[in-house]
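If you want the building blocks of each chain, they are given just below.
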Amino acid sequence: MTEPSEFILSNARIVLANTILEQGWVEISEGRIIAVGEGAPPKSGWDMAGDTLIPGLVELHTDHLEAHFAPRPGVYWHPKSAVLAYDAQIAASGITTVFDSLRVGQDSRKDGFSAHAEQLADAISAAQAQGLLRSEHFTHLRCEICSPDVIEKIESYLSGRSIQLMSLNDHTPGQRQFRNMDKWLEYYRGKSGMSEDELQSFIVQRLDYAAKFADEHHQKLVNIARGHNISIASHDDTTLEHVQESILDGAAIAEFPTTIEAAAASHSAGIRVMMGAPNMVRGGSHSGNVSAIDLAHAGTLDVLSSDYVPTSLLMAAWMLPALAPAVSLPAAIRMVSKTPAEAVNLQDRGEIAVGKRADLVRIFTSDAHPVVRNVWTMGKRVA
Ligand SMILES: [Fe+2]
């Protein structure tokens, strides 16, 4: 039996971009939404039993592939197996469009992911070309701008591969994400396995790299992005000067601003402010910076990203209206679908509307927790 290419999902609570249809239906044909209505459908459909339908989630920044590729420190798993397991988890989390965040430029001495970016990108592309993946994958390269080899690495990556989003990261100790040196030490102690002496000499080296490379690499990367029509994201903006620089760069997204002032300035300049969904679910930033919920209260939060926990994306959007009553459920769902899609120029998805891709997620709630029951990508059931 083949799966139908035309079908109706009926008796569903449907979250549209600006409102909710309490009992409605969606008609799908050849991977697209061709009609949406309230009440009884025009012909019999698949009864959703009153469950909620939302658009497939759009995730712009997840490094969760790393957890599948390096399940233990120094242990690298089979790339294709890692990609398939990661993709399955992404789809089961309701994410139908994902920007795989791959690192370019070393962030710490024992951080081996930068060396594997091309290998992982090629494994994803091969799996996608063979029709093995449940979600649609795009590339987000996280460029560590003060790394000596970042330009060389990105030029190598671009020979034969494409990039849709590039973020400009600067994790030099003592600034941006790590203004608080205690937080920097706590993070890198846990992540790198370096001794205290190694950490101290690493700090000296990072400050030296920043002095040598920050400005030159920043401008070169912006030029590369412009030359290849790649969307730019700023990362960990902290001061108004950082935001001014992002405006000049033509950034589309401000990833994880660390202060309420930087977020407000980016938001009012039309740069979409993105915060971590884990930050929302946990109630604060693991680096001690501004919380996502504070930005939601301030009206300057535009996009959520699952960052390092795929299931956090739906959880955060689902819980947001209760945490910030000024944010409706449709507005919260826009932060994980329509707004991130528009930020990276994907106009064919991100909402349940006629003509859009049939990327859909069926959810029921268990003790107020959202549980993904089914997922469709381009009208094909993938979870
Ligand atoms: Fe960061």
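A. Broad picture of the domain arrangement of the chain. Considered domain by domain, the chain is made up of domain 1 (1-55 + 349-383) and domain 2 (57-348). A straight line from the C-alpha centre of domain 1 to that of domain 2 covers 30 Å. Opposite the 21 residues of domain 1 that make contact, domain 2 presents 24 residues. Considering each element in turn, the side of domain 1 that touches domain 2 owes the most residues, four residues, to strand β15 (residues 369-377). Broken down by class, the residue content of the side of domain 1 that touches domain 2 amounts to twelve nonpolar, four polar and five charged.

B. A look at the nonpolar core. In terms of nonpolar packing, the biggest core is built from 93 residues, with V26, L53, L304 and A317 touching the most fellow members. Per-element accounting of this core gives the leading share, six residues, to helix α11 (residues 312-323). Built from parts of two domains, this core gets at least three residues from each of domain 1 (1-55 + 349-383) and domain 2 (57-348). Not counting the four nearest positions on each side in its chain, L53 is found in contact with L9, A12, I14, V15, V26, M48, I352, L360 and R362.

C. Up close: the sheet that holds strand β9 (residues 165-169). Strand order in the open sheet formed by eight strands is β6-β7-β8-β9-β10-β11-β12-β13, with parallel pairing between adjacent strands. The open sheet has two edge strands, β6 (57-62) and β13 (303-305), and neither has a second partner. The average angle at which neighbouring strand axes cross in this sheet is 25 degrees, direction not considered. With three bridges joining them, strand β12 (residues 272-276) and β13 adopt parallel strand pairing. Bridge pairing in β13 links G276 to S305.

D. Representation of the pairing of strand β10 (residues 231-235) within the structure. Of all five residues in β10, four are buried; the element is thus mostly enclosed. Pairing analysis gives four bridges linking β9 to β10, with the strands arranged parallel. Counterpart to L165 in the pairing with β10 is S231. When β10 meets strand β11 (residues 253-255), the two strands line up parallel, connected through three bridges.

E. Inspection of the pairing of strand β2 (residues 20-29) at higher detail. The sheet contact formed by strand β1 (residues 6-15) and β2 spans seven bridges and is antiparallel. In the strand pairing of β2, L9 is matched with V26. Between the antiparallel neighbours β1 and β2 lie four residues. In this sheet, strand β3 (residues 32-38) lies alongside β2 in antiparallel orientation, the contact comprising six bridges. Pairing of V26 across the sheet is with V36, part of β3. Hairpin connection, β2 to β3: the antiparallel pair is bridged by two residues, and E30 has positive phi, about 50 degrees.

Definitions and cut-offs
Residues numbered from 1 in each chain as written. Predicted model: local features only at pLDDT ≥ 70, side-chain atom pairs only at ≥ 80, totals over all residues. Domains from an automatic or database assignment. Contact = placed C-beta atoms within 7 Å. Helix = DSSP H or I, 4+ residues; strand = E, 2+ residues; numbered from the N terminus. Nonpolar A, V, L, I, M, F, W, Y, C, P; charged D, E, K, R; others polar. Core = buried A, V, L, I, M, F, W, Y, C linked by C-beta atoms within 7 Å. Buried ≥ 20, exposed ≤ 12 C-beta atoms within 10 Å, placed from the backbone. Pairing = 2+ DSSP bridges. Axes fitted to C-alpha atoms, helices over the stretch in contact; angles between N-to-C directions.

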